[in-house]
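# Coordinate inspection notes
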Amino acid sequence: MGTATILVVDDEVGMREGCRRALTPHGYQVSVAEHGAEALRKLRDRHVDLVLLDAMMPGISGLELLGKIHEHDPDIVCIMITGYATVDLAARAMKAGAQAFLPKPFTSDELLSAVKQGLQDRQRQIELRQQREQEEEALALQRTQQERAKFNAVESRFMLVVVHELRNPVGVVKNYLQLMRAGYVDADERDEYLDRLDQRATQLLDMLDELLELAHLKQGLDPSNLRPVSVSSVVSSVVESLCEKATAKGLVCHVQISSEPTIKAQPGHLDSLWRHLVDNAIRYTPRGSVDVVVTEEDGQIVGRVIDTGIGISNEELGRIFQEFYRSESAKAQCELGTGLGLPIVEQIVRLYGGRIEVDSQLGQGSVFTVRLPKEALTATP
Ligand code: ADP
């Protein structure tokens, strides 16, 4: 055991010196303390491996000191020594973190064997802890690496999709331009080609704007930029601005608002949420109506956008919130689109702690229901 350092804490000088005499010849560095306060001072000044601690001392009791020693260094082995060995005290000392219990009087051999055993236990304890720490570190490192790999994979998959989707309209624009340049477009077709070029360029710009919006939304809310927003005003103005488009298609458009809640939101977020939903309803409804209803249910703001349009099949329902997804029937109905509207809507709903549900029948129509918690976000007037 060699150079292990031992502190003997006992108010009896005979006991302190007796221990010193018994231990020093075996290579232990022994220091002594008469009471708890001196013991704590010595512990602060030097490294100690093991403390022999009198359970019955005036001032700080042995049990109390035991707690303070372990607060200072949990690896220090404490062996309680006392002349009044009772089962109760032994049990309390062990519970408080003592490694062993040595009843007075004891022989040198008993002391040496208790110290030897205590130091061996300490060594094993330290090794076990180090091993556990190493294992935990390795596990944490492995987890970080796995998460990073997953993140990188998702990020590069997203990049591939973005590039693929953006390449499409740019490719079409380039083809049209080449055809026109090479003289394949007659004068009477020129305007039609220019219109198509315009449409593709607009689609490209829309995609870039929406990608930018989505990227901003993914960064989360800016708490310093939350303002009270009236949900009904936003809904009314969105429907009003899209009404002309609906009427031009022969659709009937209604708004029904039975609740006037105000919630804290970032400028533009609620407008974008309703605009995408109502615009989709108009675009994917060839005939019939688009209704927007705002109510309050169970302390939540509930907004429904109801259309009598093309509807969504069950298989498609699982995919419509994926970035860039557009169903074949949607493409047939409305050639241009970005497939980014619903991901934006979903992200906004999530940011405000809400939920979105879709109920749809193919060929019959759809109901998009948004629920936003009113309580957490309700602005104080
Ligand atoms: P986009 O409308 O530009 O295609 P969205 O992300 O807004 O992109 O919508 C994704 C898809 O969800 C649409 O392509 C369509 O297939 C489906 N969809 C969304 N809203 C409706 C609706 N009201 N009726 C039928 N299908 C819809």
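Every value quoted in this text rests on a predicted model; they were computed, and no experiment measured them.

### Regarding the nonpolar core
- The biggest cluster of nonpolar side chains holds 47 residues, and the ones touching the most others in it are L270, L273, W274 and L277.
- Not counting chain neighbours up to four residues away, the residues in contact with W274 comprise V231, V234, V235, V238, G303, V305 and V370.
- Of all hydrophobic cores here, the second largest spans 22 residues; its members include M15, C19, A22 and L112.

### Quick look at the packing of helix α7 (residues 231–248) against helix α8 (residues 269–283)
- At a minimum axis separation of 9 Å, α7 and α8 run at an interaxial angle of 30°. Along this stretch, α7 crosses α8, giving a crossing that reads as right-handed. Residues V231, V234, V235, V238, V239, S241, L242, K245 and A246 of α7 lie in contact with α8, whose contacting residues are L270, D271, W274, R275, V278, D279, I282 and R283.
- Here the residues of the contact of α7 with α8 are counted per class, giving eleven nonpolar, one polar and five charged.

### Some points on the packing of aromatic side chains
- In the structure shown here, the tally under the stated rule is one aromatic pair.
- For the pair Y176 and Y193, a centre-to-centre distance of 5.2 Å together with 70° between the ring planes defines the contact as edge-to-face. Placement of the pair is Y176 in helix α5 (residues 108–181) and Y193 in helix α6 (residues 190–218), with a sequence separation of 17 residues. You'll find Y176 and Y193 in the same group, each marked buried.
- In this arrangement the basic side chain of R196 is found over the ring face of Y193, its NZ or CZ atom lying 5.3 Å from the centre.

### Brief notes about the site of the ligand
- The local shell around the ligand holds 22 residues, among which N280, R283, Y284, R326 and T338 are the closest.
- Separating an oxygen atom of the ligand from a side-chain N or O atom of S327 is a distance of 2.8 Å.
- With respect to the ligand, the backbone of G339 contributes an N or O atom lying 3.0 Å from an oxygen atom.
- Coverage of the ligand by the protein chains reaches 98% of its 530 Å² of free accessible surface.
- Given that more than half its atoms are within 2 Å of the pocket grid, the ligand belongs to the largest pocket.
- Where the shell around the ligand is concerned, the elements lending two or more residues are α8, α11 (341–351) and β12 (365–373).
- Considered class by class, the residues forming the shell around the ligand number eleven nonpolar, eight polar and three charged.

### Remarks on the packing of α5 against α6
- The interhelical angle for the contact between α5 and α6, taken along N-to-C directions, is 160°, at an axis separation of 10 Å. Compared by their axis directions, α5 and α6 come out roughly antiparallel. In this structure, the crossing between α5 and α6 has a hand that is left-handed. Contacts from F158, V162, E165, L166, P169, V170, V172, V173, Y176, L177, L179 and M180 in α5 reach R190, Y193, L194, R196, L197, R200, A201, Q203, L204, M207, L208 and L211 in α6.

What counts and how
Residues numbered from 1 in each chain as written. Predicted model: local features only at pLDDT ≥ 70, side-chain atom pairs only at ≥ 80, totals over all residues. Heavy atoms only, no water. Core = buried A, V, L, I, M, F, W, Y, C linked by side-chain atoms within 4.5 Å. Buried < 20%, exposed > 50% of the residue type's maximum accessible area, 1.4 Å probe, protein only. Contact = heavy atoms within 4.5 Å. Axes fitted to C-alpha atoms, helices over the stretch in contact; angles between N-to-C directions. Helix = DSSP H or I, 4+ residues; strand = E, 2+ residues; numbered from the N terminus. Left-handed = near helix turned anticlockwise from the far one by under 90°. Nonpolar A, V, L, I, M, F, W, Y, C, P; charged D, E, K, R; others polar. Phe/Tyr/Trp six-rings, centres within 6.5 Å; stacked < 30°, edge-to-face > 60°. Lys NZ or Arg CZ within 6 Å of the ring centre and 35° of its normal. Near = heavy atom within 4 Å. Polar contact = N/O pair within 3.5 Å; in protein donor to acceptor, adjacent residues only side chain to side chain. Areas by Shrake-Rupley, 256 points an atom, 1.4 Å probe, with all protein chains shown as cover. 1 Å grid on protein atoms, 1.4 Å probe; cavity = no way out; pocket = protein on both sides within 12 Å on 5 of 7 lines; lining within 4 Å. Sits in = over half its atoms within 2 Å of the grid points. Parallel < 35°, antiparallel > 145°, perpendicular 65-115°, else oblique.

Function cannot be inferred from these measures alone, as they are strictly geometric.
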